[in-house]
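Listed below are the residues making up each chain.
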Amino acid sequence: DTAVSQTPKYLVTQMGNDKSIKCEQNLGHDTMYWYKQDSKKFLKIMFSYNNKELIINETVPNRFSPKSPDKAHLNLHINSLELGDSAVYFCASSYGQGATDTQYFGPGTRLTVL
Amino acid sequence: GENVEQHPSTLSVQEGDSAVIKCTYSDSASNYFPWYKQELGKRPQLIIDIRSNVGEKKDQRIAVTLNKTAKHFSLHITETQPEDSAVYFCAASKRGSQGNLIFGKGTKLSVKP
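This one's a predicted model, so the numbers in the text were calculated from it and none came from an experiment.

Asks: Tell me about the nonpolar core, and please be specific about residues and values.
Replies: Counting residues in hydrophobic clusters, the biggest one holds 24 residues, and the most contacted among them are Trp35, Phe73, Leu75, Tyr88 and Leu109 of chain B. Mapped onto this core, the elements with two or more residues apiece are strand E2 (10-14), strand E3 (19-25), strand E4 (30-38), strand E5 (45-51), strand E7 (62-67), strand E8 (72-77), strand E9 (86-94) and strand E11 (107-112) of chain B. Setting aside residues no more than four positions away along its own chain, Leu109 of chain B makes contact with Leu11, Val13, Ala19, Ile77, Asp84, Ser85, Ala86 and Tyr88 of chain B. Core analysis: the second largest hydrophobic core is formed by 20 residues, Met46, Leu76, Tyr89 and Leu111 of chain A among them.

Below you can see the structure in the form of structure tokens.
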């Protein structure tokens, strides 16, 4: 099934821990993104990568570090988790990095920090 | 930077009625306006989009209109059905932004049978 996939779907952890979320797309897209959706459903872009190169880095704490081993994968590592990091994190991908390229979203990872 | 305002935040309609959701944007250079539907616990999915060289686009019961002068665009859903119930997000991006989509805060649409 062609899609954008993420693991894990749910992640519950204690404050101060380090965790990673993985994303893979088999759509042959060149660009991948991470979005954060907070408890009020607000969707905000965090990062985007084009062919393994970082192209968008919004105002995100340094504790968040994306890594793209190849253009089909974009992982998100979070250090020293805080309560405010609790959210749903969506990965997305698009064919190019143009403003009009449709972005396809993964199923999301619900992160709960206790 | 770009700012996208979306109204209303909640909308309740009877099945069969029409629903209209409106968005305004601040950056006149924005040229791409997608609409996403997000069902409870699911991913946002693109339902329709419009580019700045077009004033209106239709796809069955869904239509989007764009007024570049006024910097606003709207989603119109006709003959609403209970399965249209979801949160709808508008977004905007501009040439050179490298896919930086700025989202509105969403509209929760409830269609009552």
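Asks: Explain the sheet that holds strand E3 (residues 19-25) of chain A residue by residue, including any values.
Replies: All names here are of chain A. Taken in spatial order, the four strands line up as E1-E3-E8-E7 in an open sheet, and their pairing is antiparallel. The outermost strands of the open sheet, each flanked by one partner alone, are strand E1 (4-7) and strand E7 (64-70). Strand-to-strand twist of the sheet, defined as the mean angle between neighbouring strand axes without regard to direction, takes the value 20°. As paired strands, E7 and strand E8 (residues 73-78) are joined by five bridges and run antiparallel to one another. Bridged to Phe64 within E8 is Ile78.

Asks: Tell me what's going on with the pattern of salt bridges, and back it up with residues and numbers.
Replies: Under the defined criterion, the tally for this structure stands at eight salt bridges over all chains. For Lys94 of chain B, the salt bridge identified is with Asp27 of chain B, shortest N-O distance 2.7 Å. Note that Lys94 of chain B is positioned in strand E9 and Asp27 of chain B in the loop between E3 and E4, a separation of 67 residues in sequence. The salt bridge involving Glu39 of chain B is made with Lys37 of chain B; its shortest N-O contact spans 3.5 Å. When its relative accessible area of 35% is taken as the criterion, Glu39 of chain B is described as partly exposed. The network of salt bridges with common partners includes Arg63, Glu82 and Asp85 of chain A.

Asks: Please provide a residue-by-residue account of the interface of chain A and chain B, values included.
Replies: Note on interface size: it is often stated as the accessible area lost on association of the parts. Taken together, the contacts link 23 residues of chain A with 22 residues of chain B. Both faces considered, chain A and chain B share a buried interface measuring about 1900 Å² in area, 54% of it formed by carbon and sulfur atoms. Among the residues of chain A in contact with chain B, Ala99, Thr100 and Phe105 of chain A are the three that bury the most area, contributing 28% of the side total. Counting the contacts that link chain A with chain B gives zero salt bridges. For the pair chain A and chain B, the interface holds four residue pairs in polar contact (both at pLDDT 80 or more). Contributing elements (two or more residues each) for the side of chain A that touches chain B: strand E4 (31-37), strand E5 (43-50) and strand E6 (53-57) of chain A. A class-by-class count of the residues in the side of chain A that touches chain B yields 12 nonpolar, eight polar and three charged.

Definitions and cut-offs
- Residues numbered from 1 in each chain as written.
- Chains lettered and ligands numbered in written order.
- Predicted model: local features only at pLDDT ≥ 70, side-chain atom pairs only at ≥ 80, totals over all residues.
- Heavy atoms only, no water.
- Core = buried A, V, L, I, M, F, W, Y, C linked by side-chain atoms within 4.5 Å.
- Buried < 20%, exposed > 50% of the residue type's maximum accessible area, 1.4 Å probe, protein only.
- Helix = DSSP H or I, 4+ residues; strand = E, 2+ residues; numbered from the N terminus.
- Contact = heavy atoms within 4.5 Å.
- Pairing = 2+ DSSP bridges.
- Axes fitted to C-alpha atoms, helices over the stretch in contact; angles between N-to-C directions.
- Salt bridge = Lys/Arg side-chain N within 4 Å of Asp/Glu carboxyl O.
- Buried area = accessible area lost by both parts, 1.4 Å probe.
- Polar contact = N/O pair within 3.5 Å; in protein donor to acceptor, adjacent residues only side chain to side chain.
- Nonpolar A, V, L, I, M, F, W, Y, C, P; charged D, E, K, R; others polar.

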